[in-house]
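# Structure at a glance
Single-letter residue listing:
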Amino acid sequence: VLEDPTPNAYIFAKTVESAAKQMGAKSPSAYLLETEVSIIQVAPKFDGMRLRELRDAESKRMESELSGTYTIKQTGVTAVLSKNGIAHGINSALRQSPQRLTGVAREHMIAVDNAPALLENAILGEAHPSTKDRSDYPTARYYSVMMLEGNCYVVKFTAIRQPGKTTQMVELDSVDRIHDIY
């Protein structure tokens, strides 16, 4: 974990604020500009793997090793990263590349493989009532910063509190290179 280089913290906060405004949510409060941001350094992986190899070898390993309960340090919220949540992240990555794991698909898979560290160091960007099922259970968006091969990426997680539970079910939604956002 690299501690916050100030320009990256500012870019990260502005990125989250911009995303929230685009979605019509209330802008995250100014605390984002003052929040310490951890940048999670990750190693390159999956170079040139064929999708079939990845499905066969890595999907089951990730679902088995990564599923579990994690605490988001900033908020103290208990988040459940389920096998289904991991599968969602893997399938999102695989849809982005037809044959080999390269580019955006590779970056997304690396984020999935590092989801526990990214989730534990995520920053709450917004929270609002769930719009999918029209329930009163809140949906939260958490953002984390991943550094891969000298490039910074914003990783977005969606967390929904389940009825009758205090934990939140989490899925990794997107991985965007910071310079691509502006």
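The structure under discussion appears in the preceding block.
Described in the following lines is the structure provided in the data block. (Residues numbered from 1 in each chain as written. Predicted model: local features only at pLDDT ≥ 70, side-chain atom pairs only at ≥ 80, totals over all residues. Heavy atoms only, no water.)

## Let's talk about the overall build of the chain
We count it as follows: By the criteria applied, helices consist of DSSP H or I runs no shorter than four residues and strands consist of E runs no shorter than two, each listed in order from the N terminus. Working definition: with a 1.4 Å probe on protein chains only, accessible area under 20% of the residue-type maximum means buried, over 50% means exposed, and in between means partly exposed. We call two residues in contact whenever any of their non-hydrogen atoms come within 4.5 Å of each other. For every accessible area listed, the method is Shrake-Rupley and the probe measures 1.4 Å; residues are considered covered only by the protein chains on display.
Counting secondary structure elements, the chain contains seven helices and seven strands. Mapped in sequence order, the helices and strands of the chain form the string α-α-β-α-β-β-α-α-α-β-β-β-β-α. The buried share of the chain, reckoned over its 182 residues, is 47%. Sequence separation of 24 or more characterises 57% of the internal contacts of the chain that already satisfy a separation of 6 or more. Looking at the chain as shown, the accessible area adds up to about 9400 Å², and 49% of this sits on carbon and sulfur atoms.

## Observations regarding helix α4 (residues 83-94)
Our working definition: One fewer than the residue count of a helix, multiplied by 1.5 Å, yields its expected span.
With twelve residues, α4 extends 16 Å from end C-alpha to end C-alpha; this agrees with the ideal 16 Å at 1.5 Å per step. The set of residues buried in α4 consists of Gly85, Ile86, Ala87, Gly89, Ile90, Ser92, Ala93 and Leu94. Summarising the contacts, the buried residues of α4 are in contact with α3 (51-66), β3 (78-81), α5 (103-113) and β7 (168-177).

## Some words on the environment of glutamate 63
By the element assignment, glutamate 63 lies in helix α3. Linking glutamate 63 and lysine 83, residues 20 residues apart in sequence, is a C-alpha distance of 4.9 Å.

## A short note on unusual backbone geometry
Unusually for a residue other than glycine, phenylalanine 46 sits at a positive phi of about 65°. Mapped onto the elements of the fold, phenylalanine 46 is located in the loop between β1 (39-42) and α3. Given the relative accessible area of 5%, phenylalanine 46 is considered buried. Its identity is not glycine, yet glutamate 149 carries a phi of approximately 50°, on the positive side. Tracing the sequence through the fold places glutamate 149 in the loop between β5 (138-148) and β6 (151-161). Glutamate 149 gets classed as partly exposed once you look at its relative accessible area, which sits at 49%.

Such coordinate-based values are descriptive only and should not be taken to indicate function.
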